[in-house]
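# Observations on the three-dimensional arrangement
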Amino acid sequence: MASRAVYKGGRIIVNMCWEKVKSFLLHPNEAFRKEAKSSLGKAYKYVLILTVVYSLLTALIASVTNFSPLSFIIAIVTNYVLIAVLVPVFALWVHLWAYLLGARKGVEQTMKAMFYAETPFLLLAWIPIVGIVIIIWNVLLEVIGLQKLQGMSLGRAVLAVFLPLIILAAVIGIVFIYSVIYPIGFGGDFSTIGNFPS
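Everything in this summary refers to the structure shown in the same document.

## Observations concerning the overall build of the protein
What the protein contains, in helices and strands, is 8 helices and 0 strands. Taken from the N to the C terminus, the helices and strands of the protein come in the order α-α-α-α-α-α-α-α. In the protein, which comprises 198 residues, the proportion classed as buried is 33%. In the protein, the proportion of contacts linking residues at least 24 apart, taken out of those at least 6 apart, comes to 67%. For the protein, the exposed area adds up to about 12200 Å²; of that, 74% sits on carbon and sulfur atoms.

## Digging into the environment of Met111
For Met111, the position within the fold is in helix α5 (residues 107–117). Expressed as a C-alpha distance, the spacing of Met111 and Leu149, which sit 38 residues apart in the sequence, is 9.7 Å. Beyond its immediate stretch of four places on either side in the chain, Met111 contacts Leu40, Pro88, Ala91 and Leu92.

## Describing the packing of helix α3 (residues 40–62) against helix α4 (residues 69–100)
Closest axis-to-axis distance for the α3/α4 pair is 8 Å, and the angle between their directions is 145 degrees. In the crossing of α3 with α4, the sense of the turn from one axis to the other is right-handed. Residue-level inspection shows Tyr44, Val47, Leu48, Thr51, Val52, Tyr54, Ser55, Leu56, Thr58, Ala59 and Leu60 of α3 in contact with α4, the latter providing Phe72, Ala75, Ile76, Asn79, Tyr80, Ile83, Ala84, Val87 and Pro88. When grouped by side-chain class, the residues that make up the contact of α3 with α4 number 16 nonpolar, 4 polar and no charged.

## With respect to α5
Extensive coverage of α5 is indicated by the burial of 9 of its 11 residues. Along α5, the positions that sit buried rather than exposed are Gln109, Thr110, Met111, Lys112, Ala113, Met114, Phe115, Tyr116 and Ala117.

## A closer look at the nonpolar core
Taken as a class, soluble globular proteins show a tendency for nonpolar side chains to be buried jointly. One finds Phe32, Tyr46, Leu50, Met114, Phe115, Leu146 and Met152 to be the most contacted residues of the largest nonpolar core, which totals 36 residues. Those elements that place two or more of their residues in this core are α1 (2–26), α2 (28–34), α3, α4, α5, α6 (119–124), α7 (131–150) and α8 (154–186). With sequence-adjacent residues up to four places away left out, Tyr46 is seen in contact with Cys17, Lys20, Val21, Phe24, Tyr116 and Thr119.

## Concerning α7
Compared with an ideal rise of 1.5 Å per residue, which puts 20 residues at 28 Å, α7 spans 28 Å between its outermost C-alpha atoms and is within 8% of the ideal. Within α7 the residues assigned to the buried category are Ile134, Asn138, Val139, Leu141, Glu142, Val143, Ile144, Gly145, Leu146, Leu149 and Gln150.

## Here's the deal with the packing of aromatic side chains
Counting across every chain of the model gives 8 aromatic pairs. When the ring of Phe24 is compared with that of Phe32, the centres are 4.9 Å apart and the planes differ by 75 degrees; the resulting orientation is edge-to-face. Here Phe32 falls in the buried class, since its relative accessible area comes to 0%. Aromatic pair Tyr46 and Tyr116: ring centres 5.1 Å apart, planes at 55 degrees, arrangement tilted. Of this pair, Tyr46 sits in helix α3 while Tyr116 sits in helix α5, and the two are 70 residues apart along the sequence. Residue Tyr46 is classed as buried on the basis of its relative accessible area of 4%. For Tyr116, a relative accessible area of 0% puts it in the buried group. Through a chain of ring-to-ring contacts, three or more aromatic side chains come together here, namely Phe24, Phe32, Tyr46 and Tyr116. The cationic tip of Arg104 hangs over the ring face of Tyr99; the distance from NZ or CZ to the ring centre is 3.8 Å.

## Focus: the packing of α4 against α5
Where α4 meets α5, the axes come as close as 9 Å, and the angle between the chain directions of the two elements is 125 degrees. It follows from the interaxial angle that α4 and α5 lie oblique. Where α4 crosses over α5, the two elements pack in a sense that is right-handed. Residues Val87, Pro88, Phe90, Ala91, Leu92, Val94, His95 and Ala98 of α4 form the contact with α5, whose own contacting residues are Val107, Thr110, Met111, Met114 and Phe115. Of the residues that constitute the contact of α4 with α5, the class distribution is 11 nonpolar, 2 polar and no charged.

How each quantity is defined
Counting restarts for each chain, with residues numbered from 1 along the sequence as it is written. The model is predicted, so local features are restricted to residues of pLDDT at least 70 and side-chain atom pairs to those at 80 or more, both for listing and for counting; the totals for chains, interfaces and linings are taken over all residues. Side-chain measures were taken over the full set of non-hydrogen atoms in the model, leaving aside hydrogen atoms and water. Helix and strand assignments follow DSSP, with helices taken as H or I runs no shorter than four residues and strands as E runs no shorter than two, numbered in order from the N terminus. Working definition: with a 1.4 Å probe on protein chains only, accessible area under 20% of the residue-type maximum means buried, over 50% means exposed, and in between means partly exposed. Contacts were defined at the residue level, with two residues in contact if any of their heavy atoms lie within 4.5 Å. Calculation of accessible area relied on Shrake-Rupley with a 1.4 Å probe; when residues are assessed, cover is drawn exclusively from the protein chains displayed. In this analysis an axis means a line fitted to C-alpha atoms, helices contributing only their contacting stretch, and an angle means the value between N-to-C directions, from 0 to 180 degrees. It is the rotation of the near helix from the far one that decides the hand of a crossing: anticlockwise by less than a right angle makes it left-handed, clockwise makes it right-handed. Following the grouping adopted for this structure description, the nonpolar residues are Ala, Val, Leu, Ile, Met, Phe, Trp, Tyr, Cys and Pro, the charged ones are Asp, Glu, Lys and Arg, and the polar ones are all others, Gly among them. We call a set of buried Ala, Val, Leu, Ile, Met, Phe, Trp, Tyr and Cys residues a nonpolar core when their side-chain atoms join them within 4.5 Å. For a helix, the expected span equals 1.5 Å multiplied by the number of residues minus one. Aromatic pairing here means that ring centres of Phe, Tyr or Trp (its six-membered ring) are within 6.5 Å. Orientation follows from the plane angle: under 30 degrees is stacked, over 60 is edge-to-face, and everything else is tilted. A positively charged side chain is recorded as over a ring if its NZ (Lys) or CZ (Arg) lies within 6 Å of the ring centre. The angle to the ring normal must also be within 35 degrees. Reported orientations rely on four angle classes, namely roughly parallel under 35 degrees, roughly antiparallel over 145, roughly perpendicular from 65 to 115, and oblique for the rest.

If you want it as structure tokens, here you go:
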């Protein structure tokens, strides 16, 4: 009886999650409106469920050519923990900029927008050839989410999404230059810059 109850409960959760996935992928405006009064915990559980799918499929693709049970398990756990931590952190980072641009409906609304916007990424990002399409799709959902849940204009929502991405990319680029390119190219000495043989 207990196993049947668990199985039935699992099916209900999967079905509910699948309906929400279809809604965010096909009818995002309506989907975000429906979640305006839902809890942040509910949105995070949704992310965690989809993260299981992402972690399994990503680890599977990575181990196709050289499968190792231990490596497979480590990859699943690593992917799961990284997504579970980084998604909320990024959502908070976006909220900082959304707030500066006029979002006043609370951090929970921004975080829900970011969580649900991860739907295409968590479901499809493991497919190598569609990466750029998924990123664009994700960004579009983030903009829509801020519009619907924070009541932001299109222009402000776009800025709230792109400014943190641009700044993050700039920081990563600077770190990459100083940690990889600079030591290799200049041997740790800036005095070589501009010195050309006569």
